[in-house]
Amino acid sequence: MRIRYGKLDDVEAVLRFWAEAAEGTDRRDDADKVVQLVERDPEALLIAELDGRMVGTLIAGWDGWRAHLYRLAVDPGQRRKGIGSRLIAAAEDRFRKFGAFRADAMVLHDNDLAHHAWSASGYAPQPQWGRWVKPLA
């Protein structure tokens, strides 16, 4: 398995992969958003490949202040093989280069599979924080 950065010509394949492997259906994914991500930060989209086939993704976003992790998705047929852990470790290595001291991950409350993956990598929920959101129309 190898981990590489996503490129512009990966956008459609990433969207298809997320439709099959990512949890949560309230997202409004479109190619333009992924293109913007790759153009703005060419190392943010991590893609795990096995024999040339996409088997995992993780967005490792760095805003200059904080390290954020989104879209940990692993091919359902390839789960529990260490792909998620390797993606998380690659993201953490990226963040360390920036001098980040902590990373946070967006994880759905009901996604028990994800809870196990994040816990195995040393992450834990922070009960003192809550996520506040406002839809932008």
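Residues numbered from 1 in each chain as written. Predicted model: local features only at pLDDT ≥ 70, side-chain atom pairs only at ≥ 80, totals over all residues. Heavy atoms only, no water.

A. Helix α1 (residues 11–21), seen in detail. Restricting attention to buried positions, one finds in α1 the residues Val11, Val14, Leu15, Phe17, Trp18 and Ala21. Down the axis, α1 shows its buried residues gathered within 160 degrees of arc, on one side only. In α1, the exposed positions angled more than 90 degrees off the buried face are occupied by Arg16, Ala19 and Glu20. Residues of α1 that are buried sit in contact with α2 (31–40), β2 (45–50), β3 (53–62) and β4 (67–74). (Buried < 20%, exposed > 50% of the residue type's maximum accessible area, 1.4 Å probe, protein only. Helix = DSSP H or I, 4+ residues; strand = E, 2+ residues; numbered from the N terminus. Arc of directions from axis to C-beta. Contact = heavy atoms within 4.5 Å.)

B. Up close: the pairing of β4. Summarising burial for β4: six of the eight residues are buried, a large majority. Of the pairings in the sheet, the one linking β3 to β4 comprises six bridges and is antiparallel in character. Across the sheet, the residue bridging to Ile59 is Tyr70, located in β4. Once β3 ends, the chain turns through four residues before running back antiparallel as β4, passing Gly64 with a positive phi of about 90 degrees. Between the parallel pair β4 and strand β5 (residues 103–105), the chain is carried across by helix α3 (residues 83–98), and the sense of this crossover is right-handed. (Pairing = 2+ DSSP bridges. Right-handed = clockwise from strand over helix to strand, strands pointing away.)

C. Structural view of the side chain of Asp75. Among the secondary structure elements, Asp75 is positioned in the loop between β4 and α3. Given a relative accessible area of 16%, Asp75 falls into the buried group. Once residues within four sequence positions are removed from consideration, Asp75 is found in contact with Phe17, Ala21, Arg53, Met54 and Val55.

D. How the structure looks around the pattern of salt bridges. A full pass over the atoms with the stated rule returns eight salt bridges. Note that Arg71 is salt-bridged to Asp29, the shortest N-O span being 2.8 Å. Of this pair, Arg71 sits in strand β4 while Asp29 sits in the loop between α1 and α2, and the two are 42 residues apart along the sequence. Looking at Arg71, the relative accessible area reads 12%, which means it is buried. Linking Arg94 and Asp41 is a salt bridge whose minimum nitrogen-to-oxygen distance equals 2.5 Å. (Salt bridge = Lys/Arg side-chain N within 4 Å of Asp/Glu carboxyl O.)

E. Quick peek at the sheet that holds strand β1 (residues 2–5). Taken in spatial order, the five strands make up an open sheet running β1-β2-β3-β4-β5, and their pairing is mixed. Edge strands, defined here as strands with exactly one partner in the open sheet, are β1 and β5. Across the sheet, the mean angle from the axis of one strand to that of its neighbour is 25 degrees, orientation sign disregarded. Bridge count for β4 against β5 is three bridges, and the pairing is parallel. Bridge pairing links Leu69 to Ala105 in β5. Where α1 meets the sheet, it contacts β2, β3 and β4, and its direction lies at approximately 100 degrees from that of β3. (Axes fitted to C-alpha atoms, helices over the stretch in contact; angles between N-to-C directions.)

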